Amino acid sequence: MRRTCGVTLAVVLAVVWLGSEQNDPVDAQENTGVITGTVTSGNGPEAGVWVIAETDDLETVYRKIVVTDDDGQFLLPELPDATYDVWVRGYGLLDSTPVDATPGANLDLTATVAPTPREAAQVYPSNYWLSLIDLPDAHEFPGTGDDGNGINARLQDQNEWINVLKGCQRCHQVGNTRTREVPDLDQFDSTIAAWEDRTQRGQRGSLMNSFITQFGRRRGLEMVADWSDRIAAGAVPESPPRPTGIERNLVLTMWNWGDNVAFVHDEVATDKRNPRVNANGPIYGVNISNDELAILDPVTHLATNLKIPLRVDPATVPGMIARSMPEPSRFWGEDLVWNDPANPHNPMLDADGRVWLTTRVQAPDNPEWCREGSDNPFAEYFPVDRAGRHTGYFDPETQTFVLIHTCFGTHHLQFAEDDNDTLYFSGGGQVIGWIDTKLYDETGDEQRSQGWCPTVLDTSGDGTISAPWNEPDRGGGYENLDTNLDTRVVVGSYGIIGDPTDDKAVWISSTRFPGRLARLHIGDNPPETCVTEMYEVPSVLDPNVPREQTGFGSRGIDIDRNGVVWTALSGSSHFASFDRTKCAVTNGPTVADGRHCVDGWTLYPTPGPVVQGTDPPVRADYHYYNWVDQWNTLGLGANVPIANGSNSDSLLALNPDTGEWTVLRVPYPQGFFARGLDGRIDDPNAGWKGRGVWATYGEAATWHIEGGKGVRPGIVKFQVRPHPLAN
């Protein structure tokens, strides 16, 4: 039976898999694990379209998706024994009628050319539809408020307006059917009134409402209402390009997991430091909305869930997601479908295959040993009163959870490449924290095994951090900055990654406009030896940077084996690298604003349509996070940086030497919203079949995925084979 729960994935790259497979098509009658065939339409063979095989005969819904070659031929490899619906989706076509097939079949599939541009556009990614939105002109900034031009007076530049718009995409795509269309317009006096209503519905209504207010309420509502009206009147975006070159070598394998309200935020397959850990083992994901660990066995195709516990009664811990709503949900009415007191966010595997999580242990107020007056050396140096999330791990061998209270807040986590398997955490607000997991395993002592440091810049230039230092005000500024002192900064730690070239250094990313990276070196005797450096994304805030060389919106962070840091700029849609070795200065009075090493930055515009009226051009995609394939798990080469095309159903792989992109698109079901990525090598001797990159459908509102209410999110394995017919 055909399901309407699909994914669209895109990655662009100019590196090839050097495999030894032959280029001859496989005879399907000689290999019962494949389905082969040809796709044609009235235009002849259809090259660069997707062939989708889908079944519900297994333990969970299973899909395989490939791309046709120049002659319209396809080969669906490694199919489990089942009966599949097989059909075609492609740009410029209508979806074909599914046909039943089993492995061993050879099919002639007929596609129909879309009669109109509007019918063709129904399968375009969300970013193409979002590119039709009409923004306030650049000359209207800075905003003058409700009594002026209606733009929030806090927004000083058009880029800041765009940054708010892109912020809506932290939870869901903007441009999908659910957002671009207003299904109940006849119940309202105007489209503006309809949008006023829809942005207050459901358990995230208050959050949506806040984003509209950040624009300047009336002006923001006018923008989205005009967008919907023009689409309803027939506006259609440009057509995306079909996959070409290496993009046609993509093989997608997909399983459903979680349930029909599961917000599976991130997944993990292996230890980032060693992609052979957990070979052929389960994939783990965190359902942030209902406190579950989602588990997929890709061998048996079994998807299960485990409840993540707390140390205390869950009823005493408030969740991140409201347990109330301004207006009933359009889909669930008054039902509160999300309940997340543990609020798990991000998983990582250690060398033993344990699944470490950022998750709540108890309510935010810290115990006395974290606070001022404690004899804990880190609390004496910088006390911490509250932590919104903590940590713990799931041990697959014993099937048990171990919970660990941290004084610092947690969000993302990454292991250092050191002897103590130090686990670093972002999300601490004013501090960066860590756990010496080796010491914890030896002692079970959560107090002794953890540490943290505030982020303090060496603006005095003496190579060390000394108190007293310049303290920021509530807005992060300084009334009287004394450069003879060091300077504490509240960077806002979102992403985090250890430095493979220095096991005492860790990098964080900040989402505060226009974006920043910070490097913490803990030294030999933390907290006293901790030193922070900060680097701001070149932006319109820096008058010394030409506007055409600016960007904004850092979120994700990763690093290659050479120590070059990568961050995808979700606002301006660039992929930015930062090379610290190009910095002439790393401390002293000139580093306080983070603008002292513009030469360290390189910004690569990501592919896709541009939002009209932006100069320099801003693309309509959104990059929730990014990842570096340090170990060539995808088959495009080692150290390949990959940005999530979270608003374009894709992964975007960059060749930094040429600036060329490889777009790996997930065409079905639409709504593939990638967050965290992971790559694993199951068998280093099996060529492309022994490795792959994993990503989950991270859409917060699962019912935004193609198929609507009732669908379940997917977990997707990406593989690149030597050519489109390789088996």
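What counts, and at which threshold
Residues numbered from 1 in each chain as written. Predicted model: local features only at pLDDT ≥ 70, side-chain atom pairs only at ≥ 80, totals over all residues. Heavy atoms only, no water. Helix = DSSP H or I, 4+ residues; strand = E, 2+ residues; numbered from the N terminus. Rg over C-alpha atoms; globule rule 2.2 N^0.38 Å. Contact = heavy atoms within 4.5 Å. Lys, Arg positive; Asp, Glu negative; His and termini not counted. Charge placed at Lys NZ, Arg CZ, Asp CG, Glu CD. Pairing = 2+ DSSP bridges. Axes fitted to C-alpha atoms, helices over the stretch in contact; angles between N-to-C directions. Disulfide = S-S within 2.5 Å. Buried < 20%, exposed > 50% of the residue type's maximum accessible area, 1.4 Å probe, protein only. Polar contact = N/O pair within 3.5 Å; in protein donor to acceptor, adjacent residues only side chain to side chain. Salt bridge = Lys/Arg side-chain N within 4 Å of Asp/Glu carboxyl O. Expected span 1.5 Å × (residues − 1).

As a further point, take the overall build of the protein chain. Of regular secondary structure, the protein chain possesses nine helices and 40 strands. On C-alpha atoms alone, the protein chain measures out to a radius of gyration of 25 Å, which is about the 27 Å that the 2.2 N^0.38 rule sets for 727 residues. Over its C-alpha atoms, taken along the principal directions, the protein chain stretches across nearly 75 × 65 × 50 Å. Long-range contacts, defined here as pairs at least 24 residues apart, represent 65% of the contacts in the protein chain between residues at least 6 apart. For the protein chain, the separation between the mean place of its 56 positive charges and that of its 100 negative charges on side chains is 3 Å.

Strand-to-strand pairing in sheets goes through backbone hydrogen bonds, with the strands running parallel or antiparallel. Strand order in the open sheet formed by four strands is β34-β35-β36-β37, and the pairing between neighbours is antiparallel. Each of the sheet's edge strands pairs with one partner strand only, and the pair in question is β34 (626-629) and β37 (660-665). In this sheet, adjacent strand axes meet at a mean angle of 25 degrees when their direction is disregarded.

Here we take up the state of the cysteines. One pass over the full model with this rule turns up three disulfides. Paired through a disulfide, Cys370 and Cys407 show a sulfur-sulfur distance of 2.0 Å. An S-S torsion of about -70 degrees defines the bridge between Cys370 and Cys407 as left-handed. Note that Cys370 is positioned in the loop between β17 (355-359) and α8 (377-381) and Cys407 in the loop between β19 (400-404) and β20 (413-415), a separation of 37 residues in sequence.

Pairing within the open sheet is antiparallel, and its four strands lie in the order β20-β21-β22-β23. Of all the strands in the sheet, the pair left with one neighbour each is β20 and β23 (450-454). Here the strands of the sheet are splayed against their neighbours by 25 degrees on average, with no regard to which way each runs.

Turning our attention to helix α3 (residues 158-167). Most of α3 is tucked away: 10 of the 10 residues are buried. Close packing links the buried residues of α3 with α6 (205-215) and α7 (217-232). At the N-terminal boundary of α3, the capping side chain belongs to Asp157, with an oxygen 2.8 Å from the backbone nitrogen of Asn159.

Right, let's get into the pattern of salt bridges. Counted under the stated rule, the structure contains 29 salt bridges. Here Arg354 and Asp441 are joined by a salt bridge, their closest N and O atoms 2.9 Å apart. Of this pair, Arg354 sits in the loop between β16 (347-349) and β17 while Asp441 sits in helix α9 (residues 437-443); the two residues are 87 residues apart in sequence, bridging distant segments of the chain. With relative accessibility at 10%, the residue Arg354 sits in the buried group. Of the charged contacts in the structure, one is a salt bridge between Arg516 and Glu536, with a shortest N-O distance of 3.3 Å. Residue Arg516 is located in strand β28 (residues 516-521), and its partner Glu536 is located in strand β29 (residues 531-536); the two are separated by 20 residues in the primary sequence.

For α7, spanning 16 residues, the distance from its first C-alpha to its last is 23 Å, which sits close to the expected 22 Å at 1.5 Å a residue. Here the buried face of α7 lies against α1 (117-120), α2 (126-130), α3, α4 (177-180), α5 (191-198) and α6.

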